[in-house]
Amino acid sequence: MTHESAGPYVRPRTQGDLGDCVRVLAQVHEHSGYPVNWPAAPAAWLTQPALLGAWVAELDGRIVGHVALARSRAGDVAPGLWSARRGVDAVDAGATAVVSRLFVAPSARGAGIGASLMARAVAEAREQALHPLLDVVATDTAAVALYERLGWRLLGTVEQRWGPEQRVSVRCYAAATAPP
């Protein structure tokens, strides 16, 4: 079933979508520099370990966006900051999920696709009784603006070493607390 001309449509990503997702990711990388370091195997990068779910957005029958949700893993900074802010130990960070691999084709921006993808990932986290977190390179001002417009709370900014000669400033966010 296609959803032509009905506005953005978010659905679960299938294995058959990966080629289109990689093509859109390449457009985003060229246009906006995301991801900062182009992965050696982009399809594998999209199917990261501990994946809880991944979704694509379609517009006029073509894939124009992507988001993933994964279990928190050792080395993820946002869960530690979230636990510290809540006054609980790091074990409680297991009650979190990380929203990642969010991108929208440059030609499709401004249509609410990023917000729709974020809403789907947050809903999935909440369905699994997990608190959604994310991190973003501090220089990605468009993504920062989106997250803050959606009500995500800044947990802190940290410096990360992504290689022997690469240090990156990363902003960590938590989704607003769900309504009772």
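The coordinates are above.
How each quantity is defined
- Residues numbered from 1 in each chain as written.
- Predicted model: local features only at pLDDT ≥ 70, side-chain atom pairs only at ≥ 80, totals over all residues.
- Heavy atoms only, no water.
- Helix = DSSP H or I, 4+ residues; strand = E, 2+ residues; numbered from the N terminus.
- Buried < 20%, exposed > 50% of the residue type's maximum accessible area, 1.4 Å probe, protein only.
- Pairing = 2+ DSSP bridges.
- Arc of directions from axis to C-beta.
- Contact = heavy atoms within 4.5 Å.

This brings us to the environment of R71. Note that R71 resides in strand β3 (residues 62–71). Residue classification places R71 among the partly exposed residues on the basis of a relative accessible area of 36%. Taking C-alpha positions, R71 is 9.6 Å from P132, a pair spaced 61 residues apart along the chain.

Before going further, it helps to spend a moment on the pairing of strand β5 (residues 131–137). For β5, a buried count of six out of seven residues is recorded, marking the element as mostly surrounded by other parts of the structure. By the bridge criterion, three bridges tie strand β4 (residues 96–104) to β5 in an arrangement that is parallel. When the bridges of β5 are listed, T96 appears paired with H131. Relative to strand β7 (residues 166–174), β5 runs antiparallel, the two sharing five bridges. The residue of β7 that forms the bridge with V137 is V170.

Glancing now at unusual backbone geometry. Note that the residue after Y34, namely P35, is joined by a cis bond; omega there is -5°. In the Ramachandran plot, A50 falls in the positive-phi region, its phi being about 65° despite a non-glycine side chain. In this structure, A50 sits in the loop between α2 (42–46) and β2 (51–59). Accessibility expressed as a relative area gives 35% for A50, which makes it partly exposed. One non-glycine residue, R101, lies in positive phi territory at about 55°. In this structure, R101 sits in strand β4.

Bringing helix α5 (residues 141–149) into the picture now. If you check which residues of α5 are buried, you get A143, V144, L146 and Y147. One face of α5 carries all of its buried residues, which in axial projection span an arc of 160°. Among the exposed residues of α5, those pointing more than 90 degrees away from its buried face are T141, A142 and R149. Looking at the buried residues of α5, the elements they touch are β4, α4 (113–127), β5 and β7.

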